[in-house]
Amino acid sequence: MIKLIAVEPKERYQLLLRFSDGASGVFDFSRFVEADTEMTAPLRDPAFFARHFIELGALAWPDGLDFSAGSLYQRLQDEGRLVRGKKVA
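Here's what I pulled together on the structure shown here. A quick note: this is a predicted structure, and the numbers were derived from the prediction, not measured.

Remarks on unusual backbone geometry
So, step 1. Of note in this structure, Arg 12 is not a glycine but carries a positive phi near 40°.
So, step 2. In this structure, Asp 36 is a non-glycine residue whose phi angle is positive, near 50°.
So, step 3. Tracing the sequence through the fold places Asp 36 in the loop between helix 1 (30–35) and helix 2 (46–49).
So, step 4. Given a relative accessible area of 43%, Asp 36 falls into the partly exposed group.

Things to note about the pattern of salt bridges
So, step 1. According to the stated counting rule, one finds four salt bridges in the structure shown.
So, step 2. With a closest N to O distance of 3.0 Å, Arg 18 and Glu 8 form a salt bridge. Of this pair, Arg 18 sits in strand 2 (residues 14–19) while Glu 8 sits in strand 1 (residues 4–9), and the two are 10 residues apart along the sequence.
So, step 3. Accessibility expressed as a relative area gives 26% for Arg 18, which makes it partly exposed.
So, step 4. Overall, Glu 8 belongs to the partly exposed group, its relative accessible area being 31%.

Calculation rules
Residues numbered from 1 in each chain as written. Predicted model: local features only at pLDDT ≥ 70, side-chain atom pairs only at ≥ 80, totals over all residues. Heavy atoms only, no water. Helix = DSSP H or I, 4+ residues; strand = E, 2+ residues; numbered from the N terminus. Buried < 20%, exposed > 50% of the residue type's maximum accessible area, 1.4 Å probe, protein only. Salt bridge = Lys/Arg side-chain N within 4 Å of Asp/Glu carboxyl O.

Any functional reading would require information beyond the geometric quantities listed.
Next comes the structure, spelled out in structure tokens:
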């Protein structure tokens, strides 16, 4: 089972995600912020967006919003942005 092991902020709504199998990739959360749903609206505030944390291997925010490591991994892979065995800047 893939778990998220580290998260590093990048530009605006982008986070560098590092996974338990050594893969990593920069995920852009802009599409979720722009969706402006009840759960994603708080992400518009940069201070709130910066409050992300890892909980049980998933990416989470204080309002209860979370993304499983598996779903983030799969999206990065589908978009061709998952890097295995190399450092991502």
